[in-house]
Amino acid sequence: MADPASLNTLAAIDPVGDRTGAVGHMDGPRGRRPRRTVSRANIFLYGTLLVVSLYYLLPLWVMVMTSLKGMPEIRMGNIFSPPVEITFQPWVKAWAEACTGINCDGLSRGFWNSVRILVPSVVLSIAVASVNGYALANWKFKGSEVFFTILMIGAFIPYQVMIYPIVIVLRELGLFGSLWGLVLVHTIFGMPILTLLFRNYFASVPEELFKAARVDGAGFWRIFLQIMLPMSLPIFVVAIILQVTGIWNDFLFGVIYTRPENYPMTVQLNNIVNSVQGVKEYNVNMAATLLTGLVPLVVYFASGKLFVRGIAAGAVKG
Amino acid sequence: MSTTHDEVSSLADGPSVPARRPVRFLRNWSAKLATVPMIATALVIFVGCTGWTVIHSFTNSKLLPKLNWAGLDQYRRLWSTPKWYVSIENLAVFGALSLIFTLVIGFVLAALLDRKVRGEDVFRTIFLYPFALSFIVTGLAWQWILNPELGLQSVIRSWGWDSFTFDPLYNARIVIYGLLIAALWQGTGLVMCIMLAGLRGIDEEIWKAARVDGIPTWKTYTHVIIPMMRPVFVTSLVLIASGIVKVYDLVIAQTGGGPGGASAVPAMYVMESMFSAQNLGQGFAASTMMLLSVVIILIPWAYLEFGGKKRG
Amino acid sequence: MLVPNHSVRIRDLTLTFGAVTVLQNLNLDIHEGEFLVLLGSSGCGKSTLLNCIAGLLEPTDGQIFIKGRNVTWLEPSERGIGMVFQSYALYPQMTVRGNLSFGLRNARIPAAEIESRVARAARILQIEPLLDRKPGQLSGGQRQRVAIGRALVRDVDVFLFDEPLSNLDAKLRADLRVEIKRLHQNLDNTMIYVTHDQVEAMTLADRIAIMRSGKVMQLGTPDEIYNRPQSKYVADFIGSPSMNFLDGHYEQGMFRSGDLNISMQGYKLGAPQIADRPAILGIRPEHVATGALVSAAPIQGEVVVDLVEPMGSDTLVWAQVAGKPFRIRMDGQARVAPGDRIPVGLDPSKASLFDAKTEERL
């Protein structure tokens, strides 16, 4: 606290009249301090951001440009320059004609395989994980936390450790090589992160709401379906984004647990681009690569902030 | 204290015990039933399958898994295989560099974006979009850019710098840096996002206090903000590290392990042993080593995260 | 003996979480139509007790009876209770009507019956115009009304309130407090009300149970709790500003503390004869007579004013008695300044005397 003496001097220097603004004019700075918009700090800041942006945008630019050029132009020119003559032939070829092994029906086969894998995997994994998360948040029972901890630790185990025994399990279940086997694998390996996501979300729902529902005579499923589900739409969207990109981008499980005719798009893409036979058609390769990246990119640009929320939720442990 | 106790005892144990006595095990049976998939996954997959692999790494399984004990033979053979050494070395170099660069770039970008930048959303979208793409797409895109005859190298040479040489995909000594560039492109956006969330979580008043105290911005970052963000750094570290151990798709797509096996990684070694070399025992031993490395990363983290809290 | 009709009785209730004992062998009888307030600071177990009565927590040991029925093992919905929560706990995606009828629909009550019960509750609580809105469109006070309505439609004998007014601002809280009191007068249900706010407790309760570390410290009417606190804890807890305590000795009808000698004549001792012992004298700040009233007080003295806190309706004066801070509540119109010497008076019949060791009332 200021001592009374200094308060007195202050009052003497600055009599009431001044402080209340009765004196019309005083010297010195007034109002907003002038600031240059193009300061050195700002040049550095935006300069850095722009240069870095270039690094991130470059591959996309190169891919798009390459995919729109003809092979002669690619051999002649530079990968950064836009096409002199735009051609969509590479896209058509990548989609419908590119060869993997004996099949020459392009990436479309892989695309539809991926869709057939994606839809049930997303639905099943989210259905299972949301119920898990709900049970863990609101219906704890003896041991439930133990299983959850195992699940969380399991998320860190390298897939390679579990791959082979899972082949055996799937074979025993008669699912090895089928789409449903892969759906099951995606459900299993999506479970830790999704369960965490849902558990944390449902745990953040006020406990009293849950209590009120119990007083109202609602049980496990009724509370889940009628109270929790309708209010957790955002977290379901986050989970869907997470799963759609994750499953679409999967390569490892696709290559191991399905037969070639069921290979997802990523596996087929790799087989097309990295096949050793024939002349390398870089434009077709890039068109194929872009086609494969299109689904997650659309999800990414369409979902905007929710995507960020999804990965933040996935990254920051509860 | 002042409740009446005596007149009640006769009442209390006698009447109106509900007809249905809840059985412990059956309480919340819906909840227990609903978590069966989770329990099965935890026990069968994470505990069961992991244990199975570890156990079988001590056998001489070849084409089929058999319980013919071979002691530490597989490990001895593993550690005398040059290819395994190359894989480990690659992983170490790649891991260390990508860890450092991801953390540094991620933090710097987040700090820059946190300076109330105009168009923050646009920049963030640009930095993060590669994360939406698969490693296969990433690898193929960079494979093309780093193509020595037609890619970046030839472009720079055509601009007049004739001696410019950067051909990591064809040069065994620097191939790992080719992978690194691609991996950083794909993964730094994620860390930036986590860091940005961490920075946003810091109380605005810390900044005000630092400003009142006249502490320069950079010093505020190094002395105040970064120490405060320790948990965020730890989370990022664990995330990056556990991702590094799993690196596989990227190498397959970008280099295929080449040139001449120079960019092999442990995950590839495992896959090849198991599915093409028909040497399951080797695969199991190698994957067990991968598991061990994760354990070595995780234990200090778990200790820091959870052990510390209990003491505090 | 005339035994009143018991609505809720709690027998030897114990609840432990691992090594932590939250409720300890607790017994409580609540009469039919009584408004009982469970009062205590946070962590005293009052909400836990309420949750046990509701069936939302499972006791480790003991029994709970509601209307003579042992409900210890029953589901919350089967116990004949309605509950109102602090955070309202309205189902956000349902309309007010949906919120009110959800429990009834779960109980498969015929639609016409639901309709009439909802209409009745809405009329009583004056929320009829809100029935088709969602909770997000309601103000805090309206939400809490709906929450009360949800208990009302259940047509139950026992209402449980878990700090229902704590989320509201001061003015609204005062308004709703009166409404709850009026509701109780009209409905005549048993109400068990948890709060940490002593004003709510004093104004609403027929009886107050003051709780501390899982035990009931004192159960009594607001008047008993305020005027005859059975322990130093209760005395300290109730009343704002809180009671002054003087450490000293009880010797043959006198309380001595340092130079101070106070005759306890007029004080009603709990037992006819009390041995000399170390004791604590408690005097409420509002029971210290000042101004013109001093002359009527049995004991008179003088204190020096240390600090003055004017609060409008009254003024709190800090002074020193027996070397310790001593609060005196004076009329808001009194004009005193630090350093003033003011005459004060005490009435032992309004004071409380506690054993220094057990801290129980003498």
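Taken together, the contact between chain B and chain A spans 86 residues of the former and 79 residues of the latter. Buried surface at the junction of chain B and chain A, summed over both partners, amounts to about 7600 Å²; 80% is from carbon and sulfur atoms. In terms of surface lost to chain A, no three residues of chain B exceed B:Met38, B:Phe46 and B:Trp144, which account for 10% of the buried area on that side. Linking chain B with chain A are zero salt bridges. Seen at the junction of chain B and chain A, the total is 16 residue pairs in polar contact (both at pLDDT 80 or more). With 13 residues, the top contributor of residues to the side of chain B that touches chain A is helix 3 (residues 36–56) of chain B.

Turning our attention to the nonpolar core. What tends to happen in soluble globular proteins is that the nonpolar side chains get buried as a cluster. Among the nonpolar cores identified, the biggest contains 224 residues, and A:Tyr257, B:Phe127, C:Leu28, C:Leu49 and C:Ile192 are the most heavily contacted of them. Ranked by residue count, the leading element in this core is helix 9 (residues 175–200) of chain B, at 15 residues. Residues in contact with C:Leu49, not counting those within four places in the same chain, are C:Ile10, C:Leu13, C:Leu23, C:Leu26, C:Leu28, C:Leu38 and C:Met211. Counting residues in each nonpolar core, the second largest holds 47 residues, with C:Val84, C:Leu131, C:Ala201 and C:Phe237 among its members.

The tally for this structure, following the rule as stated, stands at 46 aromatic pairs over all chains. Between A:Phe253 and A:Tyr257, the aromatic rings sit 6.2 Å apart at their centres with planes inclined by 35°, giving tilted as the arrangement. Residue A:Phe253 and its partner A:Tyr257 are both found in helix 13 (residues 252–257); the two are separated by four residues, about one turn of the helix. The same class applies to A:Phe253 and to A:Tyr257, which are both buried. Ring geometry for C:Phe35 and C:Tyr193: centres 5.6 Å apart, planes at 40°, overall tilted. Of the two residues, C:Phe35 is situated in strand 3 (residues 35–39) and C:Tyr193 in strand 8 (residues 190–195); the sequence distance between them amounts to 158 residues. Of the two residues examined, C:Phe35 and C:Tyr193, each falls in the buried class. Taken together through their ring pairs, the aromatic side chains of A:Tyr134, A:Trp139, A:Phe198, A:Tyr201, A:Phe202, A:Phe210, A:Phe220, A:Trp221, A:Phe224 and A:Phe236 make up a single cluster. When the ring centre of A:Phe176 is taken as origin, the NZ or CZ atom of A:Arg171, which lies over that ring, is 6.0 Å away.

Let us now look at helix 12 (residues 230–245) of chain B. Over its 16 residues, helix 12 of chain B extends 23 Å from the first C-alpha to the last, a length consistent with the 22 Å expected when each residue adds 1.5 Å. Those residues of helix 12 of chain B lying buried are B:Val232, B:Phe233, B:Val234, B:Thr235, B:Ser236, B:Val238, B:Ile240, B:Ala241, B:Ser242, B:Ile244 and B:Val245.

A complete count under the given rule lists 27 salt bridges over all chains for this structure. For B:Lys83, the salt bridge identified is with B:Glu272, shortest N-O distance 2.5 Å. Here B:Glu272 lies in helix 14 (residues 266–276) and B:Lys83 lies in helix 5 (residues 82–113), a separation of 189 residues in the sequence. Classification of B:Lys83 as partly exposed rests on a relative accessible area of 35%. Between C:Arg145 and C:Glu179 there is a salt bridge, and its shortest N-O distance comes to 3.2 Å. Placement of C:Arg145 in helix 4 (residues 140–152) and of C:Glu179 in helix 5 (residues 170–187) is noted, with a sequence separation of 34 residues between them.

Right, let's talk about the domain arrangement of chain C for a bit. Residue and element names in this part refer to chain C. The assigned domain composition of chain C is domain 1 (6–236) and domain 2 (240–355). Each of domain 1 and domain 2 has a C-alpha centre, and the two are 38 Å apart. Domain 1 puts eleven residues into the contact, and the matching count from domain 2 is eleven residues. Between domain 1 and domain 2, the buried area comes to about 880 Å², and carbon and sulfur atoms account for 51% of it. Looking only at domain 1, the three residues that lose the most surface to domain 2 are Tyr226, Lys232 and Ala235, adding up to 53% of its buried area. The tally of links from domain 1 across to domain 2 stands at zero salt bridges. Between domain 1 and domain 2 we count two residue pairs in polar contact (both at pLDDT 80 or more) in total.

Take the sheet that holds strand 17 (residues 314–321) of chain C next. Within a beta sheet, neighbouring strands are joined by backbone hydrogen bonds and run either parallel or antiparallel to one another. All names here are of chain C. Taken in spatial order, the five strands line up as 15-19-16-17-18 in an open sheet, and their pairing is antiparallel. Because the sheet does not close on itself, it has two edges, and the strands there are strand 15 (289–290) and strand 18 (324–331). Of the pairings in the sheet, the one linking strand 16 (residues 299–310) to strand 19 (residues 341–346) comprises six bridges and is antiparallel in character. By the bridge assignment for strand 19, Glu302 is matched with Pro343.

Attention now moves to the packing of helix 5 of chain B against helix 9 of chain B. Helix-helix packing: each pair is described by the crossing angle between the helix axes and the interaxial distance. All names here are of chain B. In the contact formed by helix 5 and helix 9, the axes pass within 6 Å of each other and the chain directions differ by 40°. One finds that helix 5 runs oblique with respect to helix 9. In the packing of helix 5 onto helix 9, the handedness of the crossing is right-handed. Classifying every residue of the contact of helix 5 with helix 9 by side-chain character gives 22 nonpolar, six polar and one charged.

Our next topic: a positive patch on the surface. On the surface, a cluster of positive charge is contributed by A:Arg32, A:Arg33, A:Arg35 and B:Arg211. Assignment of secondary structure puts B:Arg211 in helix 10 (residues 204–212). With a relative accessible area of 70%, B:Arg211 lands in the exposed category.

All names here are of chain C. Here the amide bond leading from Ser240 into Pro241 is cis, since omega sits at -5°, within 30 degrees of zero. Along the chain, the position of Pro241 falls in the loop between helix 8 (232–237) and strand 11 (244–251). For Gln126, which is not glycine, the phi torsion reads 55° and is therefore positive. Here Gln126 shows up in the loop between helix 3 (111–125) and helix 4. You can call Gln126 exposed: its relative accessible area is 60%.

Residue and element names in this part refer to chain C. Their axes nearest at 8 Å, the elements helix 2 (residues 96–106) and helix 4 cross at an angle of 30°. Here helix 2 lies roughly parallel to helix 4, going by the angle between them. Handedness of the helix 2/helix 4 crossing: right-handed. Touching Val96, Asn99 and Leu100 of helix 2 are Val146, Gly149 and Arg150, all from helix 4.

Calculation criteria
- Residues numbered from 1 in each chain as written.
- Chains lettered and ligands numbered in written order.
- Predicted model: local features only at pLDDT ≥ 70, side-chain atom pairs only at ≥ 80, totals over all residues.
- Heavy atoms only, no water.
- Contact = heavy atoms within 4.5 Å.
- Buried area = accessible area lost by both parts, 1.4 Å probe.
- Salt bridge = Lys/Arg side-chain N within 4 Å of Asp/Glu carboxyl O.
- Polar contact = N/O pair within 3.5 Å; in protein donor to acceptor, adjacent residues only side chain to side chain.
- Helix = DSSP H or I, 4+ residues; strand = E, 2+ residues; numbered from the N terminus.
- Core = buried A, V, L, I, M, F, W, Y, C linked by side-chain atoms within 4.5 Å.
- Buried < 20%, exposed > 50% of the residue type's maximum accessible area, 1.4 Å probe, protein only.
- Phe/Tyr/Trp six-rings, centres within 6.5 Å; stacked < 30°, edge-to-face > 60°.
- Lys NZ or Arg CZ within 6 Å of the ring centre and 35° of its normal.
- Expected span 1.5 Å × (residues − 1).
- Domains from an automatic or database assignment.
- Pairing = 2+ DSSP bridges.
- Axes fitted to C-alpha atoms, helices over the stretch in contact; angles between N-to-C directions.
- Parallel < 35°, antiparallel > 145°, perpendicular 65-115°, else oblique.
- Left-handed = near helix turned anticlockwise from the far one by under 90°.
- Nonpolar A, V, L, I, M, F, W, Y, C, P; charged D, E, K, R; others polar.
- Patch = residues over 30% accessible without salt bridge, like charges linked within 9 Å, V, L, I, M, F, W, Y side chains within 5 Å.
- Areas by Shrake-Rupley, 256 points an atom, 1.4 Å probe, with all protein chains shown as cover.
- Lys, Arg positive; Asp, Glu negative; His and termini not counted.
- Charge placed at Lys NZ, Arg CZ, Asp CG, Glu CD.

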